Amino acid sequence: MSRSKTEFDYVIVGAGSAGCVLASRLTEDPSVEVCLIEAGPSDNSIIIRMPAALTFPIESDVYNWKFESEPEAELHGRSIGQARGRGLGGSSSINGMVFVRGCDKDYDSWRDFGVEGWDFKDCLPFFRKMESFEGGRDPMRGGSGPITVTRSKADHPLYRAFLEAGQEFGLRDAGDYNSGDQEGVHVTQATIRSGVRCSTSLAYLKPASARPNLTVLTNCLVERIDFDSRRAIGVTCRRKGTRLSLRAGREVILSAGTVGSPHLLMLSGVGDRTHLAAHGITARIGLPDVGADLQDHVVAPLRFRSSEGVSIRRQLNLVGRAKLGIEWLLFRTGLGATNFFEVGAFFKSSEEVPYFNMQHEFLPFLADFQSGKVTISDGFQYFVSQMRPYSRGRISLKSANPADKPAIRFNYLTDKRDEAEMVAGIRKTLEMVDQPAWSRFRGDAVDTPDLAADDAEMAAWLRTVANTEHHPTSTCRMGSDDLAVTDGQGRVHGLEGLRVVDGSILPRVPSANINAPIIMVAEKIAAGLASPR
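Quick caveat, the model's predicted, so the values are computed rather than measured.

Engineer: Help me get a handle on the overall build of the chain, residues and values and all.
Structural biologist: Per the secondary structure count, the chain includes 13 helices and 27 strands. By the compact-globule yardstick of 24 Å for 533 residues, the chain fits well, its C-alpha radius of gyration being 23 Å. Taking all contacts inside the chain whose residues are at least 6 apart in sequence as the whole, residues at least 24 apart take part in 69%. Accessible surface, the chain: about 20500 Å² in total, of which carbon and sulfur atoms supply 49%. The distance from the centre of the 63 positive side-chain charges to the centre of the 66 negative ones in the chain is 7 Å.

Engineer: Tell me about the packing of aromatic side chains, and please be specific about residues and values.
Structural biologist: Tallied over the entire structure, the rule returns 22 aromatic pairs. When the ring of phenylalanine 120 is compared with that of phenylalanine 127, the centres are 6.3 Å apart and the planes differ by 35°; the resulting orientation is tilted. Owing to a relative accessible area of 13%, phenylalanine 120 belongs among the buried residues under this scheme. Residue classification places phenylalanine 127 among the buried residues on the basis of a relative accessible area of 0%. Taking 6.4 Å as the distance between ring centres and 80° as the angle between the ring planes, the aromatic pair formed by tryptophan 438 and phenylalanine 441 counts as edge-to-face. Both residues of the pair, tryptophan 438 and phenylalanine 441, belong to the buried class. By the ring-pair criterion, three or more aromatic residues cluster together here, those being Tyr159, Phe162, Phe304, Phe362, Phe380, Tyr382, Trp438 and Phe441.

Engineer: Can you tell me about the pairing of strand β13 (residues 231-239), naming the residues and giving the values?
Structural biologist: Note that strand β12 (residues 220-228) and β13 share 8 bridges and pair antiparallel. Note that in β13 the partner of valine 222 across the bridge is cysteine 237. Taken together, β12 and the strand that follows it, β13, pair antiparallel across an intervening segment of 2 residues, in which serine 229 is found at a positive phi of about 60°. Relative to strand β14 (residues 242-254), β13 runs antiparallel, the two being bridged by 6 bridges. If you follow cysteine 237 over to β14, its bridge partner there is leucine 244. Linkage of β13 to β14, two consecutive antiparallel strands, is achieved through a turn of 2 residues, within which lysine 240 is found at a positive phi near 55°.

Engineer: Kindly report on helix α12 (residues 455-465), identifying the contributing residues and their values.
Structural biologist: Residues of α12 that are buried: Met458, Ala459, Trp461, Leu462 and Arg463. The elements touched by buried residues of α12 are β17 (298-304) and α11 (416-433). Looking at where α12 begins, the residue whose side-chain oxygen comes 3.2 Å from the main-chain nitrogen of alanine 456 is aspartate 454.

Engineer: Let's hear about unusual backbone geometry: which residues, and what values?
Structural biologist: Residues other than glycine seldom take positive phi values, yet aspartate 293 does so here, at roughly 65°. Here aspartate 293 is to be found in the loop between β16 (285-286) and β17.

Engineer: Any details on helix α7 (residues 200-208)? Residues and values, ideally.
Structural biologist: Taken as a whole, α7 has its buried residues at Thr200, Ser201, Ala203, Tyr204, Leu205 and Ala208. Capping the start of α7, serine 199 holds a side-chain oxygen 3.3 Å from the backbone nitrogen of serine 201, two or three residues further along.

Engineer: How would you summarise the sheet that holds strand β8 (residues 189-190) if you had to cite specific residues and measurements?
Structural biologist: Spatial strand order, β5-β6-β8: 3 strands in an open sheet with mixed pairing. Both edges of this open sheet fall to β5 (131-133) and β8, since each of them pairs with a single strand only. Across 3 bridges, the pairing between β5 and strand β6 (residues 147-151) is parallel. Residue phenylalanine 133 lies in a different strand from β6, and its bridge partner there is valine 149. Sitting on the sheet, helix α5 (residues 120-130) is in contact with β5 and β6, with an inclination near 70° to β5.

Engineer: Got a sec to walk through the packing of α11 against α12? Specific residues and values, please.
Structural biologist: At a minimum axis distance of 10 Å, the contact between α11 and α12 shows a crossing angle of 100°. Put simply, α11 runs roughly perpendicular to α12. On α12, the residues touching Lys416, Glu419, Met422, Val423, Ile426, Arg427 and Leu430 of α11 are Asp455, Met458, Ala459, Trp461, Leu462 and Arg463. Considering only residue class, the contact of α11 with α12 consists of 8 nonpolar, no polar and 5 charged.

Engineer: So what's going on with the nonpolar core? Residues and values would help.
Structural biologist: Of all hydrophobic cores here, the largest spans 164 residues; its most connected members are Leu265, Phe340, Trp438 and Leu498. With 9 residues, helix α13 (residues 515-530) is the single largest residue contributor to this core.

Engineer: Explain the environment of leucine 462 to me, and be specific about the residues and the numbers.
Structural biologist: Mapped onto the elements of the fold, leucine 462 is located in helix α12. Taking the relative accessible area as the measure of exposure, leucine 462 reaches 0% and is therefore buried. Residues leucine 462 and threonine 448, 14 residues apart in the sequence, show an inter-C-alpha distance of 9.4 Å. Not counting chain neighbours up to four residues away, the residues in contact with leucine 462 comprise Ala300, Leu413, Met422 and Ile426.

Engineer: If you had to explain the side chain of arginine 197 to someone new, which residues and values would you point to?
Structural biologist: Residue placement: arginine 197 occurs in strand β10 (residues 196-197). At a separation of 3.1 Å, a polar atom in the side chain of arginine 197 contacts the main-chain carbonyl oxygen of serine 92. Among all residues touching arginine 197, those that are not within four sequence positions of it are Ile48, Arg49, Pro51, Leu54, Ser92, Ser93, Ile94, Asn95, Met97, Thr191 and Leu202.

Engineer: An account of the packing of helix α1 (residues 19-26) against α13 is requested, with residue identities and associated values reported.
Structural biologist: The description of two packed helices rests on the angle between their axes and on the distance between the axes. Viewed as axis vectors pointing N to C, α1 and α13 meet at an angle of 30°, and their least axial separation amounts to 9 Å. One finds that α1 runs roughly parallel with respect to α13. Regarding α1 and α13, the two cross each other, and that crossing is right-handed. Contact with α1, carried on its side by Val21, Leu22, Arg25 and Leu26, involves Ile519, Ala522, Glu523, Ala526 and Leu529 of α13 and no other residues of that element. In terms of residue class, the contact of α1 with α13 is made up of 7 nonpolar, no polar and 2 charged.

Engineer: Residues and numbers for the side chain of asparagine 95, please.
Structural biologist: With respect to the helices, strands and loops of the structure, asparagine 95 is situated in the loop between β4 (81-82) and α4 (104-108). Polar contacts involving the side chain of asparagine 95 include one to the main-chain amide nitrogen of methionine 97, which spans 3.1 Å. At a separation of 2.9 Å, a polar atom in the side chain of asparagine 95 contacts the side chain of arginine 197. Sequence-distant contacts of asparagine 95, defined by excluding residues within four places in its chain, comprise Leu54, Arg197 and Asn515.

What counts as what
Residues numbered from 1 in each chain as written. Predicted model: local features only at pLDDT ≥ 70, side-chain atom pairs only at ≥ 80, totals over all residues. Heavy atoms only, no water. Helix = DSSP H or I, 4+ residues; strand = E, 2+ residues; numbered from the N terminus. Rg over C-alpha atoms; globule rule 2.2 N^0.38 Å. Contact = heavy atoms within 4.5 Å. Areas by Shrake-Rupley, 256 points an atom, 1.4 Å probe, with all protein chains shown as cover. Lys, Arg positive; Asp, Glu negative; His and termini not counted. Charge placed at Lys NZ, Arg CZ, Asp CG, Glu CD. Phe/Tyr/Trp six-rings, centres within 6.5 Å; stacked < 30°, edge-to-face > 60°. Buried < 20%, exposed > 50% of the residue type's maximum accessible area, 1.4 Å probe, protein only. Pairing = 2+ DSSP bridges. Polar contact = N/O pair within 3.5 Å; in protein donor to acceptor, adjacent residues only side chain to side chain. Axes fitted to C-alpha atoms, helices over the stretch in contact; angles between N-to-C directions. Parallel < 35°, antiparallel > 145°, perpendicular 65-115°, else oblique. Nonpolar A, V, L, I, M, F, W, Y, C, P; charged D, E, K, R; others polar. Core = buried A, V, L, I, M, F, W, Y, C linked by side-chain atoms within 4.5 Å. Left-handed = near helix turned anticlockwise from the far one by under 90°.

Given below as structure tokens:
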């Protein structure tokens, strides 16, 4: 960036799943000047590009903010780590690459919050616009969008056993779960292009990077939003020890994520007046629910040993990893080109729920994370997640220092309905593992209850192992009610020239991995910004 170039039409804070989309789409108009600011570094790293290396960026202090929750009251006071991407591509550069849109009923329910234009029929064109699905274009799927979506091979015996056991239990084969009914077992679709992670940085930002009307600043921490009365006019940030003031002629857009966007709003005087005053911050406008309504998918692992040599463990020993790396470097093929989450399922915890409310993800080996290292052993593991939690948490300030991380309280399982649904989902999962398809592979359970355990015993075990799916949303949620932070286009209520576009504005967490929904939201709002004024 030249020293004199400090004025733009749009200043976007955060080059993550949403920010890269916005920067690309807005600069398609050569008359629009955009500055995209990212606190982290470039994503030019093999551990980001190689899908099988997904644990490395998650364990990295360079590419992961490594947030920690406050002690969770219902999880024996455990602090839960929350992985959020720090660098170009944001969380799309460190996530598990699982591509799920979510159920049409998820989006139709957003009308309950008084936002128009977000029914699934309104969102579908933007899901199609964002993707190039390997199955090709049809009325439900896109064929020429920036994000490459591929079907996993799922040809390992343990993947096949997972699919067969689910069907023996009574689940259907959902086929293309992103095209029709999502409920059932499925072969997973992933954001992988020719063996490489297809992040929003690769898909959107890289093709746009040569445009003269796009300025990208990495390693640049935004400290506050600047205002003229109630209009956002730019941001103050720090880069390489130098403080910069960047001006936005049209809008400042926050795409800093479910944690970062409410944090920056509060640092800038937008939030609950009493909370801001406690940290010496004068409120510019009182919006009491900035940071509130935090939602996330809670997850429990069910782990089982298998006979030696059945799982992928042998292919991931020292020799196997070397072979994996060489094959990927030379040909972009082999195990290096997979995210390992090649099969999954969506199902109901009970017949009382209106539609599926549980998810399975699956790994064909056992992985233990200790002291920053991963130990692989023979076995398989189901991950059981609740899709529509009732518990709500909050992001709040720890201090007025922009360099200090905020306080995060998920309040997992504080609503007893969440506990009941998880216990029921765990019990159904154990019944699936008990199906004939698993009989020749299934060994002893590892720190996992059995079907003889009663609900109280299962709930007690759940509290010792429950963790995050890293799917936080809704801390700046859209709505027309008095507690909503943003309107149906992400504009912050009561202010001008300030918009939030990321997972924080989703009114409810979708019944899905959240990366695809966030990209869709960014595409949809970008289209509105690009429309003739």
